[in-house]
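# Fold and contact review
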Amino acid sequence: MTAIRKLACILAAAFALPAFAQYPDKPVKIIVSYSPGGFTDTLARIIGQELGKRWNQPVVVENKPGAGGNIGAEFAARSPADGYTLFLAATPTHAVNPSLYRNLTFDPVKDFEPVILLAATPNLLVANPGVPVNSVKELVALAKASPARFNYGSTGTGSSVHLQGELFKSAMGIQMTHVPYKGSSQALTDLLSGAVQVMFDNYLFQLPHVKAGKVRALAITATKRAAALPEVPTMNELGIAGFEMGPWFGLVAPAKTPAAVVRRINTDANAALQAKEVQDKIVGADILGGTPQEFGEFMQRELTKWGRIIRELDLKAN
């Protein structure tokens, strides 16, 4: 083969390479289904910033709140499958909503490629300091004495904090009115004002407000007490079984995103999770990681678990 023919073959092979061989060669978006300021949004920005350093490309978080996370999820599912639009999947969109909503406009399994499970956190049961309770026992007693008094906030219909509120009502035999919001920040505003009296919410988001005395922590939905709040008992310690659950968060891509791109994102996201700067910013969360296959299997188990809970509570969002 002459030198010219060799060069021609090399050039032909180079031009035949798929477009994603140099991924990423332009900015990447992470779609978040909730308003800015909550933990989901914060985690997306922390991971996005670290990936941006590794890729030499901006990673931009785009918030599309509404409908319990479904608006953002549908947008991401319908985006081009090229790796340049990712979605911050969480318990509502990829485990709860398929059983909660009758007319879901996306399929969490068929419409997405699992990329990586990032982190999981417990929730705190918190109360407005003006509510005269210092324990779950006192809260239950007051709710039973005044059934119409209590509203509980959540980060949206179908969120883990919504379902934990419903589980709590059922387990304790009390009545509370559910008030859904588009994210933790809006719910917190009304909790602080007293418009809602109690809520389950992400431990890391609520921790600084507990430390500042703005809200009162009554219990944590973890298997053991948190080091930062050693005085706050677990739900299990209080004799309330079945609450060792909390929100999880991961990256997914639109279905049919090239496997090579998924592997690249997975590899770099696993490395990002090990960065000290990332770990320092999400102290208190369980930092997870792993393969796309492991994340896909995890989501299947979560779909089954939350589907059973929703059927037992007989809940529907629409």
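The present account deals with the structure reproduced in this document. No experiment lies behind these values; they were computed from the predicted model shown.

A separate point is helix H7 (residues 184–193). Those residues of H7 that sit buried are Ser184, Ala187, Leu188 and Leu191. For H7, the angular spread of buried residues about the axis comes to 100 degrees, placing them on one side. Looking at the buried positions of H7, the neighbouring elements they touch are strand S5 (123–127), strand S6 (151–154), strand S8 (198–202) and helix H8 (203–211). Looking one or two residues past H7, Gly194 carries a phi angle of roughly 90 degrees, positive in sign.

Strand order in the open sheet formed by five strands is S7-S6-S8-S5-S9, with mixed pairing between adjacent strands. A strand with exactly one partner marks an edge of an open sheet, and here the two such strands are strand S7 (177–180) and strand S9 (216–220). Across the sheet, the mean angle from the axis of one strand to that of its neighbour is 30 degrees, orientation sign disregarded. Inspection of the sheet shows S6 paired to S7 by four bridges, in the parallel sense. Bridging from a neighbouring strand, Tyr152 pairs with His178 of S7.

Running from N to C, helix H2 (residues 39–55) and helix H9 (residues 259–273) cross one another at 115 degrees; their axes reach a closest spacing of 9 Å. Considering the angle they form, H2 stands roughly perpendicular to H9. The handedness of the crossing between H2 and H9 is right-handed. Between H2 and H9, the residues in contact are Ile47, Glu50, Leu51, Arg54 and Trp55 and Arg264, Ile265, Asp268, Ala269, Ala271, Ala272 and Leu273, respectively.

In sheet architecture, strand pairing relies on hydrogen bonds along the backbone and comes in two forms, parallel and antiparallel. One open sheet holds the six strands; their spatial order is S2-S1-S3-S10-S4-S11, and the pairing between them is mixed. Where the open sheet ends on each side, the last strands, each with one partner, are strand S2 (59–63) and strand S11 (286–287). Where strand S1 (residues 28–32) lies against S2, five bridges are found, and the strand directions are parallel. Residue Ile31 lies in a different strand from S2, and its bridge partner there is Glu62. Sitting on the sheet, H2 touches S1, S2, strand S3 (85–90), strand S4 (112–120) and strand S10 (248–254), and the angle it makes with S2 is about 160 degrees. Across the sheet, helix H4 (residues 91–100) is in contact with S3, S4 and S10; its angle to S3 comes to roughly 60 degrees.

Calculation criteria
Residues numbered from 1 in each chain as written. Predicted model: local features only at pLDDT ≥ 70, side-chain atom pairs only at ≥ 80, totals over all residues. Heavy atoms only, no water. Buried < 20%, exposed > 50% of the residue type's maximum accessible area, 1.4 Å probe, protein only. Helix = DSSP H or I, 4+ residues; strand = E, 2+ residues; numbered from the N terminus. Arc of directions from axis to C-beta. Contact = heavy atoms within 4.5 Å. Pairing = 2+ DSSP bridges. Axes fitted to C-alpha atoms, helices over the stretch in contact; angles between N-to-C directions. Parallel < 35°, antiparallel > 145°, perpendicular 65-115°, else oblique. Left-handed = near helix turned anticlockwise from the far one by under 90°.

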